[in-house]
Each structure stands twice: as C-alpha cells, then as structure tokens.
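Tertiary structure, described
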Amino acid sequence: SQQGEEDPQALSIQEGENATMNCSYKTSINNLQWYRQNSGRGLVHLILIRSNEREKHSGRLRVTLDTSKKSSSLLITASRAADTASYFCATVFLLGAGSYQLTFGKGTKLSVIP
Amino acid sequence: EPEVTQTPSHQVTQMGQEVILRCVPISNHLYFYWYRQILGQKVEFLVSFYNNEISEKSEIFDDQFSVERPDGSNFTLKIRSTKLEDSAMYFCASTAYNSPLHFGNGTRLTVT
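Here the structure is a predicted model, which means the values were calculated and not measured.

A word on the interface of chain B and chain A
The partner chain A presents 25 residues to the 24 residues of chain B that form the contact. Taking both partners together, chain B and chain A bury about 2000 Å²; carbon and sulfur atoms supply 53% of that area. When the buried area of chain B at its contact with chain A is split by residue, K42(B), N98(B) and F103(B) rank highest and sum to 28% of it. The interface formed by chain B and chain A contains zero salt bridges. Applying the counting criterion to the chain B and chain A interface returns three residue pairs in polar contact (both at pLDDT 80 or more). Going through the elements one at a time, strand 4 (31-37), strand 5 (43-50), strand 6 (53-57) and strand 9 (88-95) of chain B are the ones with two or more residues in the side of chain B that touches chain A. Taken together, the residues that form the side of chain B that touches chain A break down as 13 nonpolar, eight polar and three charged.

Side note on the sheet that holds strand 1 (residues 5-7) of chain B
Each strand in a sheet pairs with its neighbour through backbone hydrogen bonds, running either in the same direction (parallel) or in the opposite one (antiparallel). Residues and elements named next belong to chain B. The antiparallel open sheet is built from four strands, whose spatial order is 1-3-8-7. With partners counted over all chains shown, the strands left at the sheet margins are strand 1 and strand 7 (65-68), one partner each. The average undirected angle you get between the axes of adjacent strands in this sheet is 20 degrees.

Considering the sheet that holds strand 7 (residues 61-66) of chain A
All names here are of chain A. Taking strand neighbours across the sheet as the criterion, the five strands line up as 1-3-8-7-6 in an open arrangement whose pairing is antiparallel. In this open sheet, the two edge strands, each paired with only one partner strand, are strand 1 (5-7) and strand 6 (55-58). Strand-to-strand, the axes of this sheet are offset by a mean angle of 20 degrees, without reference to chain direction. Relative to strand 3 (residues 19-24), strand 1 runs antiparallel, the two being bridged by three bridges. Pairing of E5 across the sheet is with S24, part of strand 3.

Some words on the packing of aromatic side chains
Scanning the entire structure with this criterion turns up 14 aromatic pairs over all chains. Pairing F49(B) with F75(B) gives two aromatic rings, centres 5.3 Å apart and planes at 45 degrees, and the pair type is tilted. With F49(B) in strand 5 and F75(B) in strand 8 (residues 75-79), the pair connects residues that are 26 residues apart, well separated along the chain. For the pair F49(B) and F75(B), a shared accessibility class is recorded, and that class is buried. Among the aromatic side chains, those forming a connected cluster through ring pairs are Y35(A), F88(A), F104(A), Y33(B), Y35(B), F45(B), F91(B) and F103(B).

Focus on the side chain of Q37(A)
Residue position: Q37(A) is located in strand 4 (residues 31-37). In this structure the side chain of Q37(A) is engaged in a polar contact, spanning 2.8 Å, whose partner is the backbone oxygen of R41(A). Not counting the four nearest positions on each side in its chain, Q37(A) is found in contact with G42(A), L43(A), A85(A), S86(A), F88(A), Q37(B) and F91(B).

Digging into unusual backbone geometry
Here the residue pair D7(A) and P8(A) is connected by a cis peptide bond, since its omega of -5 degrees sits within 30 degrees of zero. As for its position among the elements, P8(A) is in the loop between strand 1 and strand 2 (10-14). Cis geometry marks the peptide bond from T7(B) to P8(B), where omega comes out at -10 degrees. Secondary-structure assignment places P8(B) in the loop between strand 1 and strand 2 (10-13). Despite not being glycine, A78(A) has its phi angle at roughly 45 degrees, a positive value. Along the polypeptide, A78(A) turns up in the loop between strand 8 (71-76) and strand 9 (85-94). A78(A) gets classed as partly exposed once you look at its relative accessible area, which sits at 38%. Unlike most non-glycine residues, N52(B) shows phi in positive territory, near 65 degrees. Position of N52(B) among the secondary structure elements: in the loop between strand 5 and strand 6.

Calculation criteria
Residues numbered from 1 in each chain as written. Chains lettered and ligands numbered in written order. Predicted model: local features only at pLDDT ≥ 70, side-chain atom pairs only at ≥ 80, totals over all residues. Heavy atoms only, no water. Contact = heavy atoms within 4.5 Å. Buried area = accessible area lost by both parts, 1.4 Å probe. Salt bridge = Lys/Arg side-chain N within 4 Å of Asp/Glu carboxyl O. Polar contact = N/O pair within 3.5 Å; in protein donor to acceptor, adjacent residues only side chain to side chain. Helix = DSSP H or I, 4+ residues; strand = E, 2+ residues; numbered from the N terminus. Nonpolar A, V, L, I, M, F, W, Y, C, P; charged D, E, K, R; others polar. Pairing = 2+ DSSP bridges. Axes fitted to C-alpha atoms, helices over the stretch in contact; angles between N-to-C directions. Phe/Tyr/Trp six-rings, centres within 6.5 Å; stacked < 30°, edge-to-face > 60°. Buried < 20%, exposed > 50% of the residue type's maximum accessible area, 1.4 Å probe, protein only.

So this is what it looks like as structure tokens:
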C-alpha cells in the first residue's frame, strides 16, 4: 500500500506556537496533498506538492517533501484556535487511462489551546 | 466558488434497505470519487469514476455498491442492502486531472 501515515496522531499546542505534522509513505508518488477536516465536515484541500518539488508555502503553511525518505511535513506557524482540526496527508499515484488514486493517511488531530 | 454538493446530509435506514447517496460534482470536473469515513477513523477510498466508467475501486466496494452518473451532472452511490457496518460519513469528491480534490460536506449514513 502507498498509504500515507501521519505522526503524531494527536498534537496539542498553545496558540501562537508552531505545529509540525509528518507524513510517511511507501511507494513512488506523483504528488502529495494535505487536507484539513473540521469535526463532522468535509475535507478541505490545503496544499499540493509535486514529486519534483521540495518545499511549498501558502500563507502560514509550509510543506516539505523528501522523496528519498518518502516523507513530508506540514508546518503551521503562529497557530490559532481556529486551526484546531484534523490534518490528513494524501498520496497521489497516477494510474493508466488518465486516472489517479488518492489515498489518505490516518490523520493528525491538532488542538490549539487559546 | 463552485463546490461539490451532497444530499441528504443525514440518512437513517434500516439494515437490508437500499440507499442512494447523491452528489453534484463541480461542472467542469472529469474525475469523481466516493470515500467513506467511519466515525473517528481514517478516510477510506471506495471508488473512482472517469469517462462514464469505474476506473478504480477498493476492496470495500463490493457487489453491494454501485455508482452511476445518470444525467451528466449527478453522481450517485447506491448501497443495495445496507449492513450495520456501512454506517459512516460518505464523501463525494471531484477534480480535474492531476489537481486537488474538491470534497462535499458528506452524507452521514446511519444503519439501524
């Protein structure tokens, strides 16, 4: 399975601190994506990093990708209470005939304490 | 911004009954997906659909499950004879090629 696995499973920090979540996977990928899920809601795409990229930024988010170690990290800087959610990495593997499969890890539950 | 819509938001059904979960993907997207999430667990891939046919399906997507795109806008997931363990949030998603998935807010299916 090329499923991503996040760690830690749960993370609790104070508002203003940085939060780092890691994701490891097993096989070659086309790209890796991070999603956020508020409790009981759908997943919201945060950032996509392609296999030939090493780092991407979007606002307070920074994602790195190390294809040699098959790992990625998501850093949220200056966290806010509103960042409290579950964060999932998803690995994307291109199939034939123009299709691709996206497989989610188990997620990291982030709690930001005001 | 266009979004994926799912109906109903909550469906309660008795074991053995058939259910149809409905999704309206974003109009110019070509790839469609169903995922499910049992409470407190990870998001699991069920099926992907492209060019009016299933392109990939997981072990979960057995003969009890089927998908359809009946009219070019709706994308449905049917469970023929529901089981207690089918209780979960079911998410529909759509995308253009090699782009992020856009998810709906899900349908919570409760099988009693």
